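So you can see what is in the structure, the chains are spelled out below.
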Amino acid sequence: MARIIRPEQATQLRFLLEQPEEVLIEFCKLAIEYINSGINEKKCTVAAKKLSSTYDTVRGALEALVALLIDSTKMAVSEREFYAVLQTSLENIHEKQCEILWQFITSKRNLVDNVLRASCQDELYFRDLEWRIEGRIASRSLRSQATPVIKMKFHLDTECVSEYREKLHSVPVDGSEGANAKMQDHTLREVLAETDPTMLQHMIQVLEQALLEARTRRVRNYAKPVQS
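These numbers come from a predicted model, not from an experiment.

Caption draft 1: Focus on the side chain of T73. Mapped onto the secondary structure, T73 falls in helix 4 (residues 55–75). Since its relative accessible area comes to 2%, T73 is described here as buried. In this structure the side chain of T73 is engaged in a polar contact, spanning 2.8 Å, whose partner is the backbone oxygen of L69.

Encoded structure:
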């Protein structure tokens with residue numbers, strides 16, 4: 001089962017569940033406004049006074065509601081999974097409150113998808129890697145064994161391009177070398193790094209573990225709406 005509600009988040013959401021259903025609906029509207037234009041401090045202050053609470057409590061509940069919307073969209077949870085998560089994390093939640101939250105999630109999924117895609121436009125994607133090993137010439141003056149250095153040049157791109165569709169140094173066949181070169185200069189990035197064999201081995205272990213986790217169902221559910 002997807003874990004989309006953390007303990008601290010559950011505590012903040014319980015504040016909303018203690019209020020009338022009309023308050024929960026209004027907070028859903030505030031959550032959409034939060035995503036579109038950020039926190040509205042004036043409305044949060046007014047809500048805190050009406051509910052005889054504090055600004056921090058109201059803001060925490062609102063942010064927990066926004067996180068619930070984003071995480072549910074990212075993981076593409078089904079209605080059955082969503083209800084099960086609510087019943088597990090929020091023990092005393094009523095069926096009507098579950099319906100309000102589910103309607104809130106499903107009605108704004110397209111909006112959240114668009115926001116997530118827009119926020120990922122500047123992310124860098126791996127394209128190619130160059131590397132070489134540098135070592136020192138042996139010398140009796142050295143008191144310890146010289147450690148070789150591995151130098152790497154990462155070729156990254158702000159445009160996600162499949163390695164099977166286009167290679168980094170592919171030559172266009174339509175005679176548009178100038179335009180393609182200009183586009184690559186705009187999107188391509190190069191990052192230089194160097195490390196030692198011990199750290200390189202640790203990096204390889206971390207990446208291999210990440211690849212294993214990427215095959216799990218939970219990660220696939222998380223990545224599916226972002227990649228679509």
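Okay, back to it.
Caption draft 2: Structural view of the pairing of strand 2 (residues 149–157). Across nine bridges, the pairing between strand 1 (residues 125–134) and strand 2 is antiparallel. Within strand 2, the position partnered with E134 by the bridge is V149. Pairing geometry for strand 2 and strand 3 (residues 188–195), over eight bridges, is antiparallel. Across the sheet, residue H155 finds its bridge partner in strand 3, namely E190.

Caption draft 3: Layout of the pattern of salt bridges. For the structure on display, the rule yields eight salt bridges. Here E134 and R132 are joined by a salt bridge, their closest N and O atoms 2.8 Å apart. Classification of E134 by relative accessible area gives partly exposed; the value is 28%. A salt bridge links K153 to E190, with the shortest nitrogen-to-oxygen separation between them at 4.0 Å. Taken together, the residues span a long stretch of sequence, with K153 in strand 2 and E190 in strand 3 at a distance of 37 residues. For K153, a relative accessible area of 26% translates into the label partly exposed. By sharing partners, the salt bridges in this structure join R132, E134, K151 and E194 into a single network.

Caption draft 4: Molecular detail of the sheet that holds strand 3. Overall, antiparallel pairing links the three strands, which are arranged 1-2-3 in an open sheet. Two strands in the sheet have a free side with no partner beyond their single neighbour: strand 1 and strand 3. Going across the sheet, the axis of each strand differs from the next one's by a mean of 20°, ignoring polarity.

Caption draft 5: Broad picture of helix 4. Compared with the 30 Å implied by 1.5 Å per residue over 21 residues, the 30 Å span of helix 4 between its first and last C-alpha is a close match. By the criterion of burial, helix 4 is predominantly enclosed, with 15 of the 21 residues buried. Among the residues trailing helix 4, A76 stands out with phi positive, at a value near 50°.

Caption draft 6: Summary view of the confidence of the model for the protein. When pLDDT is averaged along the protein, the result is 77, and 73% of the positions lie at 70 or above. Across the protein, the secondary-structure element scoring lowest on mean pLDDT is helix 8 (residues 177–187), at 53, and the one scoring highest is helix 3 (residues 41–50), at 90. In this model, residues 162–173 is a region of pLDDT below 50 whose contacts with residues beyond four sequence positions or in other chains number 11 contacts.

Caption draft 7: Representation of the nonpolar core. By size, the foremost hydrophobic cluster in this structure holds 41 residues, and its most contacted members are I5, L65, L68 and F82. Only helix 1 (7–17), helix 2 (21–37), helix 3, helix 4, helix 5 (79–89), helix 6 (95–107) and helix 7 (109–119) provide two or more residues apiece to this core. Sort the elements by how many residues they give to this core and helix 4 lands first, with nine residues. Other than its neighbours up to four places away in sequence, F82 contacts I4, L68, S72, V77, C98, L101, W102 and I105.

Caption draft 8: Main features of helix 2. Counted at 1.5 Å a residue, the expected span for helix 2 with its 17 residues is 24 Å, and the 25 Å between its end C-alpha atoms agrees. In the stretch just after helix 2, G38 is the one whose phi turns positive, near 90°.

Caption draft 9: Quick look at the packing of aromatic side chains. In this structure the tally under the stated criterion is one aromatic pair. Centre to centre, the rings of F82 and W102 are 5.3 Å apart; their planes meet at 45°, and the pair counts as tilted. Here W102 lies in helix 6 and F82 lies in helix 5, a separation of 20 residues in the sequence. No difference in accessibility class separates F82 from W102, as the two residues are buried.

How each quantity is defined
- Throughout, residues of each chain are indexed from 1 in the direction in which the sequence is written.
- Local features are withheld for residues below a pLDDT of 70 in this predicted model, meaning they are given only at 70 or higher, and side-chain atom pairs are given and counted only at 80 or more; totals for whole chains, interfaces and linings count all residues.
- Side-chain numbers come from the whole structure's heavy atoms, not from hydrogens or water.
- Put simply, DSSP H or I for four residues or longer makes a helix, DSSP E for two residues or longer makes a strand, and each gets a number counted from the N terminus.
- For each residue, the accessible area found with a 1.4 Å probe, counting protein chains only, is set against the maximum for its type, and the residue is called buried under 20%, exposed over 50%, and partly exposed in between.
- Any pair of N or O atoms that falls within 3.5 Å is considered a polar contact. Within protein, one atom must be able to donate a hydrogen and the other to accept it, and sequence-neighbouring residues count only if both atoms are side-chain atoms.
- Criterion used throughout: strands pair if DSSP finds at least two bridges between them.
- Any Lys or Arg side-chain nitrogen found within 4 Å of a carboxyl oxygen on Asp or Glu counts as a salt bridge.
- Fitted lines through C-alpha atoms serve as axes, helices being fitted only where they are in contact, and the angles separating the N-to-C directions of these axes extend from 0 to 180 degrees.
- For a helix, the expected span equals 1.5 Å multiplied by the number of residues minus one.
- Per residue, pLDDT measures the predictor's confidence, with a range of 0 to 100.
- The contact rule is simple, with two residues in contact once any of their heavy atoms fall within 4.5 Å.
- Here the nonpolar core consists of buried residues drawn from Ala, Val, Leu, Ile, Met, Phe, Trp, Tyr and Cys, with membership extended through side-chain atoms lying within 4.5 Å.
- Within 6.5 Å between ring centres, the rings of Phe, Tyr and Trp (the latter by its six-membered ring) count as paired, and their orientation is classed by plane angle as stacked under 30 degrees, edge-to-face over 60, tilted in between.

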